[in-house]
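# Notes for the structure review
Here are the chains, one letter per residue:
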Amino acid sequence: MEKQPVDDLFARKLHDAEAPVSSDLFNRMQQRMGTKPLPVRRKIGAWWYVASAACALVAVCFLYLTNKPEKQLLESFAQKRLPEQSDVNRVVTKRRDRFNGSATRLQTIDEETEKVTKEHRKPGQLAKATYPDLKPTNPKSQLSAREHRLVLTQQVEEQIAVIKANENEKSVPAAPQLAISQPGIERVEQATVKPKQITERTILLTINEPQTKNELAASNNNYQKPDTQNQPNGLSGLFGKLKQLKNGEVMAKATPVSESNSTQKKRLGRVFTEVKESLKNETTLE
Amino acid sequence: MALSIPYYLSESQLVVALQRGEARAQKIVYERYANRMMAICLRYVANQADAEDVLIESFMRVFERVNQFRSEGSFEGWIRRIMVTESLMFLRKNKSLRQEISLESVTEEPDYQWADEALQANDLLRLVAQLPDGYRTIFNLYAIEGYSHAEIASLTGISEGTSKSQLSRARALLQQRIKTLETDVKSAPEYGKAAS
């Protein structure tokens, strides 16, 4: 007997067909077999997942409590660092007051310096100014007692000449009013000031009337006694030295006076001595 | 606590584990083949509860006789034969193989192409289940399992002639019910709308 289409239809559809079974069928079978039912398989994976999730949660909480999140940190940092307008105004006012105080103290220093230099101080000598009211920011700083070099500039020299011309009666020239470099209060690098390089020197000298012996003695107390032994002898030596000074850096200008040759020699010699001392001081300044 | 999750890579390893009597191997075999074997049991034993009983007995037989498996064929085919045998034994116990019913004359054959497309396995299984036990058994053995009439006669204890006649009647019944289904579906108004 051959197969018919109905056979093929059922064979094709039902050969590998499946039907659901009851969930307790296996346990019933085991009971019939007389074997112990298999222990319920522990859901190890689920427990592991739960344990892992709990550990991760604990770790996250620990990290959160110990270290704040970056965003929160940034916000707190921004809140701390962003100053308000009142803070800005307070800082600006404080700095302005400090600046004004510094300016006032600098002015006081200038006045003291001017006062000191007006006394009989020679150009090029170190001026020691003390500032007891100044309190430097750095406690180790030595700003309270600092020495400042006096800078002899061209203007100062001209001022010296003017002062000398005005004070004809006195033989001792008045100390020039020097402009010193203002010391920085908070800047240490300004402690030593380099003088400008002198390209041209011009000294104007005014020779006054002959002084009396007392006046000369008074002037010699303030000035170093000139070395008379090194003075040139004779007019030729004197003119030679003058010529040398002229060719060098110093030009002397003498007032025309009708004196004898010996008096003129003495006066010229004193002028020479003064010029020499001045040049020596300048050299030490440089 | 030691965690042992048996994992049998191949069918031979599973058979070896069954031969050692490992309960977990039995569980794996049951979970792997239960649904498919249940469909076989339902084809022979129409009742769900009886089919489950047959299924349990069949698996018990498999686990008891697994040492007789020689690995000459597939393990699934061996289990399937045990299921069929156990189903036949169940029917034989109930003496239901010799029932006969009167057939109406079949006028025309159904549209098999339509039946192949429209009818699912559950529908066909329901049609088979509606057959008398004798017709159903012979039809299953011959049409689906592929036994010859001689084998069917030896398995069921009936003659080849009885097997042939019951097969013819089973075919006629199935064709008649498929035709009825086809007529009912095609006469429904929804079918015309869906077809157009």
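Residues numbered from 1 in each chain as written. Chains lettered and ligands numbered in written order. Predicted model: local features only at pLDDT ≥ 70, side-chain atom pairs only at ≥ 80, totals over all residues. Heavy atoms only, no water.

### Things to note about the overall build of chain B
Put simply, the test is: The way it works is that DSSP assigns letters per residue, a run of H or I at least four long becomes a helix, a run of E at least two long becomes a strand, and they are numbered from the N terminus. Whether a residue is buried, partly exposed or exposed follows from its accessible area with a 1.4 Å probe, protein chains only, as a fraction of its type maximum: under 20%, in between, or over 50%, in that order. Where accessible areas are quoted, they stem from the Shrake-Rupley method and a 1.4 Å probe; at the residue level, only the protein chains shown are allowed to cover.
A tally of helices and strands in chain B yields ten helices and zero strands. When the helices and strands of chain B are read in sequence order from the N terminus, they spell out α-α-α-α-α-α-α-α-α-α. Classification of the 196 residues of chain B by burial places 46% in the buried group. In the structure as shown, chain B presents an accessible area of about 10000 Å², 47% of it carried by carbon and sulfur atoms.

### What to know about helix 9 (residues 160-187) of chain B
Short version of the rule: By definition here, a helix of n residues has an expected span of 1.5 Å times n minus one. Contact between two residues is taken to exist if any of their heavy atoms lie within 4.5 Å; hydrogens are not considered.
For helix 9 of chain B, spanning 28 residues, the distance from its first C-alpha to its last is 40 Å, which sits close to the expected 40 Å at 1.5 Å a residue. Within helix 9 of chain B the residues assigned to the buried category are Ser163(B), Gln166(B), Leu167(B), Ala170(B), Arg171(B), Ala172(B), Leu173(B), Leu174(B), Gln175(B), Ile178(B), Lys179(B) and Glu182(B). Residues of helix 9 of chain B that are buried in the fold lie against helix 1 (5-14) of chain A together with helix 5 (112-118), helix 6 (121-129), helix 7 (133-144) and helix 8 (149-156) of chain B.

### Concerning the pattern of salt bridges
Applicable threshold: Each reported salt bridge corresponds to a side-chain nitrogen of Lys or Arg within 4 Å of a carboxyl oxygen of Asp or Glu.
Evaluation of the coordinates by the stated rule reveals 19 salt bridges over all chains. Arg12(A) is the partner of Asp116(B) in a salt bridge, and the nearest nitrogen-oxygen pair spans 2.8 Å. Taken together, the residues span two chains, with Asp116(B) in helix 5 and Arg12(A) in helix 1. With relative accessibility at 27%, the residue Asp116(B) sits in the partly exposed group. With relative accessibility at 52%, the residue Arg12(A) sits in the exposed group. Here Lys186(B) ties to Asp111(B) by a salt bridge, and the two come within 3.6 Å at their closest N and O atoms. Within this pair, whereas Lys186(B) is found in helix 9, its partner Asp111(B) is found in the loop between helix 4 (75-94) and helix 5, the two being separated by 75 residues in sequence. In this structure Lys186(B) comes out as partly exposed when scored by relative accessible area, which is 34%. A network of salt bridges, in which partner residues are shared, links Arg28(A), Arg32(A), Glu52(B), Asp53(B) and Glu57(B).

### Brief notes about the confidence of the model for chain A
Residues and elements named next belong to chain A. Our working definition: Confidence scores per residue from the predictor, reported as pLDDT, run from 0 to 100.
Here chain A averages 68 in pLDDT, while 45% of its residues score no lower than 70. At the low end of the mean pLDDT range in chain A sits strand 2 (residues 145-148), at 48; at the high end sits helix 1, at 87. A low-confidence stretch, residues 144-149 (pLDDT under 50), is modelled with 22 contacts involving residues beyond four sequence positions or located in other chains.

### A short note on the nonpolar core
What tends to happen in soluble globular proteins is that the nonpolar side chains get buried as a cluster. Put simply, the rule reads: Residue types Ala, Val, Leu, Ile, Met, Phe, Trp, Tyr and Cys, when buried and joined through side-chain atoms within 4.5 Å, form a set referred to as a nonpolar core.
Among the nonpolar cores identified, the biggest contains 70 residues, and Phe10(A), Val29(B), Phe59(B), Phe75(B) and Ile79(B) are the most heavily contacted of them. It is helix 2 (residues 23-44) of chain B that contributes the most residues to this core, 13 residues altogether. In this view, Val29(B) contacts Leu14(B), Leu18(B), Phe59(B), Phe63(B), Phe75(B) and Ile79(B); residues no more than four positions away in its chain are not counted.

### Things to note about the UniProt feature "transmembrane region" (unreviewed entry) in chain A
What counts, and what does not: UniProt positions are given in the numbering used here, feature names are shortened, and annotations may be inferred rather than shown by experiment.
Those residues carrying the UniProt feature "transmembrane region" (unreviewed entry) are residues 46-65 of chain A in this numbering. Secondary structure across residues 46-65 of chain A divides into 100% helix and 0% strand, with the first and last C-alpha atoms of the span separated by 28 Å.

### With respect to the packing of aromatic side chains
In plain terms, the rule: Two rings from Phe, Tyr or Trp (for Trp, the six-membered ring) form a pair when their centres are within 6.5 Å of each other. A pair whose planes differ by under 30 degrees is stacked, one over 60 is edge-to-face, and the rest are tilted.
A full pass over the atoms with the stated rule returns eight aromatic pairs over all chains. Taking 5.8 Å as the distance between ring centres and 20° as the angle between the ring planes, the aromatic pair formed by Phe75(B) and Trp78(B) counts as stacked. Linking Phe75(B) with Trp78(B), this pair stays in helix 4, spanning three residues, or about one helical turn. The buried category is assigned to Phe75(B), whose relative accessible area is 0%. Members of the aromatic cluster, each reached through a chain of ring pairs, are Phe26(A), Tyr30(B), Phe59(B) and Phe63(B).

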